[in-house]
Amino acid sequence: MFVAADSLKGVGPGLARPLERLGLTRVRDFLYHLPDRFVERRAVPDLDQASVGENIVVALTPVEYRSSAGRGPFRVLASDGPGNICAITYFGRNAGWAKKSLPLGETRWIAGRLDQFGQLLQIVHPDHVSEESAAALGQLVEPVYPLSEGLTQGRLIALIQQALASATDLPEWIEPGLFDKMKWPSWRDALELAHRADHPQARDRLAYDELLANSLALMLVRNANRARRGTPLQGDGRLRARINLPFALTGAQQRSIAEIAGDLVQDAPMLRLLQGDVGSGKTVVALEAMLIAVEAGTQAALLAPTEILARQHFDTLKRMAQGTGVEIALLTGRDKGRAREATLMGLHNGSIPIVVGTHAIFQDAVQYRNLALVVIDEQHRFGVGQRLMLAQKGKRTPHCLAMTATPIPRTLTLAQYGEMDVSKLDEMPPGRQPIDTRVVAVERMADVIAGVERHLATGQQAYWVCPMVRELENEDLAAAEARYAELQLRFGDAVVLVHGQLRPEAKDAAMERFASGAAKLLVATTVIEVGVDVPSATLMVIEQAERFGLAQLHQLRGRVGRGTAASTCLLLRSGALSETAKRRLALMRETQDGFRIAEEDLELRGGGELLGTRQSGDTTFRVASLDQIQRLLPLAHNDARLLIDRDGGLTGARGEAARLLLYLFERDWGVQLLRGG
Ligand code: ADP
Ligand code: MG
């Protein structure tokens, strides 16, 4: 079960990449790759008997291939008995494959959803193309799985079935009373059921397992942390008094600093989360904390998720700390040679008290004289596991301050951060210009583009954001590139394009052109979410805004409104929106309070829908939905607590089963702690 995916029959080098993109690298991952939904299909004799939007199986005969320019789709025009024409449409580089499976003049059974494209009927990426009769395809209720390019439903179904066949039942880790009360199936049965039909109890059980694993692991971390010794840090304030600030600290900042200082004087290492919206002023709080460590004669390190962010922090901190005379060094993977050697030396002998950088600051080659505080920015990008690895660095466990701008509703804080102590910056620095946010129908595209033109004419810059969702990667990328091409016709060289599939150097170069002001308009998929700070960019257009999670929209919008000029954010929406979708966008217009947005988004979306954070690749939970987290997390949390209280070493029968569970959900760093102590 824990062996690599290529032990499944039919997984060669060709499939490795598409599978990897879905996170399917081990046999175990296939078990937990659960269907998005199930389709029921109707076999129809011809297209006259089918309606648009329906899932059908129909016999069609390809009559013509039609490719479009650039990255547009490849279409196979096919005819039914009475002579109706339907396009079988493929996005991406699928022309060769399409021609092979749909030879001209030969009838095939096609299963898929009938859509309309202008006057043309079409089936986009059919689920099946087969030489067999409709009987083989049409009667099934079939799972529909999230896919990636190069992978078909049929292929994935076969692999998942293989994985299921290889899975043996495991001892039960759920508390027997709860298990009986919920009438849940066993682990093995739950998997089988969840892949076969829409079975809420099976899905709940599997989600519960994930939540339980998470709670257990976080509690083990907490316990281990309590048992450790840190270095009590008592600052005398002499350095902090010399910080160079053109403003007074907000009440929330003062409160957070006091909470942190209170933790630092303790024997046990701090494990605290600083939660504060974009722009709420976390950096200065981090600096105060680090200076306490320096005042107490120790070292502090700040870890950033990306190179760009590390540099940005380095510049800001240096500026603020200028008057203190404290040396701050930057260390990233790109630093080489003499400068790097000097930094390593300084960290080793203690002459450099503060270092800012990427993961490079925790490589083996980097030795600290007495590292006592680690600050981690954008904590949700690092696994808790990595956080622990950091903790091993000093002779004593360093205090840890994690910072995040992701506004997380209260119910989810527990799941995401377990039993960390939380400080909240729930007060914005005064004098922020509100961002004028408007919801605009996509039909007004011409006006929007004209608006962008007027904006650029004033010398200011703008962002143009296109959605990019993994399941629709090809279509989304094609749409983003088409938009870029259109805007380029209008604005020429002033436009740059950035998306996740560009080579890093190309991406950096484009970002650089925009940041330096050489380019005026940045067309981007959501890669700009973190780490861009261009104060003269004061307009943001977001296409298909309804497809984004609100938390994500909020983060995106936080890219404007950074300078002194007034900023605008245009949320383009498509025509037909559900009531919920309308209210979600209205909420964005109403408020800029990230915490309120997070809370209300949770309420509005209610059951079933997935965590918005999943779109951005944050995979705290892969199985549990938002609704399941809300319903089941309190149960899992209690259950975990009871188990740990009774059997903290996880050595009893249930404890042993729980270890398997932790392993299953890759939370076994919790178990490693039991060993290492
Ligand atoms: P965050 O990291 O929380 O997004 P920053 O620390 O980058 O926010 O701060 C955002 C901006 O607000 C910076 O320009 C910073 O100098 C400024 N700032 C921070 N605290 C205050 C304050 N109390 N009053 C006014 N401006 C502040
Ligand atoms: Mg920040």
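This write-up is about the structure you can find in this document. Every value quoted in this text rests on a predicted model; they were computed, and no experiment measured them. (Residues numbered from 1 in each chain as written. Chains lettered and ligands numbered in written order. Predicted model: local features only at pLDDT ≥ 70, side-chain atom pairs only at ≥ 80, totals over all residues. Heavy atoms only, no water.)

This paragraph deals with the packing of helix α5 (residues 153–166) against helix α7 (residues 187–196). Contact geometry for α5 and α7: axes closest at 10 Å, N-to-C directions at 165 degrees. Classified by the interaxial angle, the pair formed by α5 and α7 is roughly antiparallel. Taken as a pair, α5 and α7 cross one another with a handedness that is left-handed. When α5 is examined against α7, the residues Ile 160, Leu 164 and Ala 165 are found in contact with a partner set consisting of Arg 188, Leu 191, Glu 192 and His 195. (Axes fitted to C-alpha atoms, helices over the stretch in contact; angles between N-to-C directions. Helix = DSSP H or I, 4+ residues; strand = E, 2+ residues; numbered from the N terminus. Parallel < 35°, antiparallel > 145°, perpendicular 65-115°, else oblique. Left-handed = near helix turned anticlockwise from the far one by under 90°. Contact = heavy atoms within 4.5 Å.)

The next point concerns the pattern of salt bridges. Summed over the entire model, instances satisfying the criterion amount to 29 salt bridges. For Glu 106, the salt bridge is made with Arg 108, and the minimal N-O distance between the two is 3.3 Å. Between Glu 172 and Arg 205 there is a salt bridge; the shortest N-O distance is 2.9 Å. Within this pair, whereas Glu 172 is found in the loop between α5 and α6 (176–182), its partner Arg 205 is found in helix α8 (residues 200–227), the two being separated by 33 residues in sequence. (Salt bridge = Lys/Arg side-chain N within 4 Å of Asp/Glu carboxyl O.)

Take the pairing of strand β5 (residues 85–90) next. The side chains of a regular strand alternate between both faces of the sheet. Burial analysis of β5 places five of its six residues in the buried class, the great majority of the element. Both strand β4 (residues 74–79) and β5 contribute to a ladder of six bridges, which runs antiparallel. Following the sheet pairing, Leu 77 is matched in β5 by Ala 87. Taking the residues between adjacent antiparallel strands as the criterion, β4 and β5 are bridged by five residues, where Gly 83 takes a positive phi near 100 degrees. Two elements, β5 and strand β7 (residues 120–124), share four bridges in a ladder whose sense is parallel. Looking at the pairing, Ala 87 lines up with Gln 122 of β7. (Buried < 20%, exposed > 50% of the residue type's maximum accessible area, 1.4 Å probe, protein only. Pairing = 2+ DSSP bridges.)

As a further point, take the packing of helix α18 (residues 550–557) against helix α19 (residues 579–590). As a packed pair, α18 and α19 sit with axes 11 Å apart at the nearest point and diverge in direction by 30 degrees. The angle between α18 and α19 places the two elements in the roughly parallel class. Seen along the crossing, α18 lies across α19 with a hand that is right-handed. Along the contact surface, α18 presents Leu 550, Leu 553, His 554 and Arg 557, while α19 presents Arg 584, Leu 585, Leu 587 and Met 588. Here the residues of the contact of α18 with α19 are counted per class, giving five nonpolar, one polar and two charged. (Nonpolar A, V, L, I, M, F, W, Y, C, P; charged D, E, K, R; others polar.)

With that settled, the discussion passes to the pairing of strand β3 (residues 55–67). The pairing of strand β2 (residues 42–43) with β3 spans two bridges and is parallel. Paired with Ala 43 across the two strands is Val 57, which belongs to β3. Two strands pair when backbone bridges link them, and β3 and strand β6 (residues 108–117) are joined in this way by six bridges, in the antiparallel orientation. Bridge assignment links Ala 59 to a residue of β6, and that residue is Trp 109. As paired elements, β3 and β4 share six bridges and run antiparallel to each other. When the bridges of β4 are listed, Glu 64 appears paired with Leu 77.

In the vicinity of ligand 1 there are 14 residues, among which Ala 248, Gly 279, Lys 282, Thr 283 and Arg 432 approach most closely. Between ligand 1 and Gly 281 there is a distance of 3.1 Å, counted from an oxygen atom to a backbone nitrogen or oxygen. A distance of 2.7 Å separates an oxygen atom of ligand 1 from a polar side-chain atom of Lys 282. Residues that form the shell around ligand 1 fall into these classes: five nonpolar, six polar and three charged. (Near = heavy atom within 4 Å. Polar contact = N/O pair within 3.5 Å; in protein donor to acceptor, adjacent residues only side chain to side chain.)

What follows deals with the nonpolar core. As a rule of thumb, soluble globular proteins bury nonpolar side chains together. Membership of the largest hydrophobic core comes to 62 residues, with the highest contact counts inside it found for Leu 19, Phe 30, Tyr 32, Trp 173, Trp 187, Leu 206 and Leu 216. Among the elements of the structure, α1 (13–21), α2 (27–31), α5, α6, α7, α8, α22 (626–646) and α23 (653–664) are those that each provide at least two residues to this core. For this core, the leading source of residues is α8, giving eleven residues. Apart from the residues lying within four places of it in its own chain, the contact partners of Leu 19 are Val 11, Leu 24, Phe 30, Leu 151, Leu 156 and Leu 159. Within the second largest apolar cluster, 39 residues are counted, among which are Ala 252, Leu 291, Leu 373 and Leu 401. (Core = buried A, V, L, I, M, F, W, Y, C linked by side-chain atoms within 4.5 Å.)

Moving on, we come to the packing of aromatic side chains. With the rule as written, the count across this model stands at six aromatic pairs. With centroids separated by 5.0 Å and ring planes inclined at 45 degrees, the aromatic side chains of Trp 184 and Tyr 208 adopt a geometry described as tilted. You can see Trp 184 sitting in the loop between α6 and α7 and its partner Tyr 208 sitting in helix α8, a full 24 residues away along the chain. Comparing Trp 184 with Tyr 208 shows no difference in burial state: the two are buried. The ring centre of Phe 665 lies 5.4 Å from the NZ or CZ of Arg 28, which sits over that ring. A cation sits over an aromatic face here: Arg 75 above Phe 117, 4.3 Å from the ring centre. (Phe/Tyr/Trp six-rings, centres within 6.5 Å; stacked < 30°, edge-to-face > 60°. Lys NZ or Arg CZ within 6 Å of the ring centre and 35° of its normal.)

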